[in-house]
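An overview of the molecular structure
Listed below are the residues making up each chain.
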Amino acid sequence: MEILLAKSAGFCFGVKRAVDMAFKTDSTKKTYTLGHIIHNETVTHQLHEKGIESIEHMDHVPMDQLIIRAHGVPEEVYQEAYEKSVHVIDATCPYVTKIHKLVSRHEKEGFNIILIGDANHPEIIGINGWTKKGCIILKNKSELDFSQLSQDARYFIVSQTTYKKAVVDEIVEALEQAGYNIKFMNTICSATSERQNEAREMASQVEAMVVIGSRHSSNTQKLYEICGSLCPKTYCIDDASMLKEEDFEGIEKVGVTAGASTPADVIDEVLTKLQQI
Ligand code: F3S
């Protein structure tokens, strides 16, 4: 069986930076991360061994340091840390920080902010928290409710960095066609689009596709959707232990890609197991 590995598989720049920052942290001080640093159990476990735990809220947890993960957090978290004299190690991906600054500035300039993404995703919660009035959050075009909008207002549109470009384009086009006063900035991270384009190309050339990453990782799920639409035998796995030999019977060419929070050693293990199959 020929095995193709996507060049863009695995940690993106922002995730690698956040993970490196977490591992370099002086953990003799009481240190927490707000949420898991990435959606990967191995990394979470290694950080736990180093004495760094993850919490959901800062409430009532005595700490010296707080690591903010690549997804970023609302502005109020920095304020809370400052008030509690907690040192912040800010591992927010610089591309996400740029969106925080953009929405904050455009709101001050009088724009209403439209944020395209999943309202429950931490990155979207974080971005929303950099506006005073809150954003209009849209998951897809069907959530676009024109009765909420005004032809007299100005709208600034950005999206989750890991969102599908086609969904964003559809919403922007619908607003343009309806004549709204909009300013759109494409905030989809090129790491995501490169990974998605490569996955798309690969999935159309192979008989089976393996997507490695967590079910909780939105960019992994997007990869799975893209590959699944082109290659019916697409399998989404956390790690090598989830590969089933029978799924690859008669397959001559398999493609492998991985979400942004999949460590290199997990990818290597999957490749080794596929080679054995
Ligand atoms: Fe940053 Fe792009 Fe990764 S926004 S966290 S480099 S997917």
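The coordinates are above.
Every chain's residues receive numbers from 1 upward, in the order its sequence appears when written. Two thresholds apply to this predicted model, a pLDDT of at least 70 for residue-level local features and 80 or more for giving and counting side-chain atom pairs, whereas whole-chain, interface and lining totals are computed over all residues. To obtain the side-chain values, all non-hydrogen atoms of the structure were used and water was disregarded.

**Observations regarding the packing of aromatic side chains**
Aromatic pairs are defined between Phe, Tyr and Trp rings, using the six-membered ring for Trp, whenever the two ring centres lie within 6.5 Å; interplanar angles under 30 degrees are classed as stacked, those over 60 as edge-to-face, and all others as tilted. Tallying each qualifying case throughout the model produces six aromatic pairs. Measuring from centroid to centroid gives 5.6 Å for F146 and Y180, while their planes differ by 5°, and the two rings are stacked. Placement of the pair is F146 in the loop between β7 (136–138) and β8 (154–159) and Y180 in the loop between α6 (165–177) and β9 (181–184), with a sequence separation of 34 residues. Buried, partly exposed and exposed residues are distinguished by accessible area as a fraction of the type maximum, computed with a 1.4 Å probe on protein chains only: under 20%, between the cut-offs, and over 50%, respectively. Exposure remark for F146: the relative accessible area of 36% places this residue in the partly exposed category. The buried category is assigned to Y180, whose relative accessible area is 11%. Pairing Y155 with Y180 gives two aromatic rings, centres 6.2 Å apart and planes at 80°, and the pair type is edge-to-face. Of this pair, Y155 sits in strand β8 while Y180 sits in the loop between α6 and β9; the two residues are 25 residues apart in sequence, bridging distant segments of the chain. Among the aromatic side chains, those forming a connected cluster through ring pairs are F146, Y155 and Y180. By the criterion adopted, a ring carries a charge over it if an Arg CZ or a Lys NZ lies within 6 Å of its centre and within 35 degrees of its normal. Cation over ring: R154 sits above F111, and NZ or CZ is 4.2 Å from the ring centre. A run of H or I in DSSP counts as a helix once it spans at least four residues, and a run of E counts as a strand once it spans at least two, with each numbered from the N terminus.

**Looking at unusual backbone geometry**
Trans is the prevailing form of peptide bonds, just as negative phi is the prevailing case for residues other than glycine. Located in the positive-phi region is H60, a residue other than glycine, with phi close to 55°. By the secondary structure assignment, H60 is in the loop between β3 (53–55) and β4 (65–68). Of note in the backbone geometry, S85 takes a positive phi value of approximately 55° without being a glycine. For S85, the location among the structural elements is in the loop between α3 (75–83) and β5 (87–90). S85 gets classed as exposed once you look at its relative accessible area, which sits at 65%.

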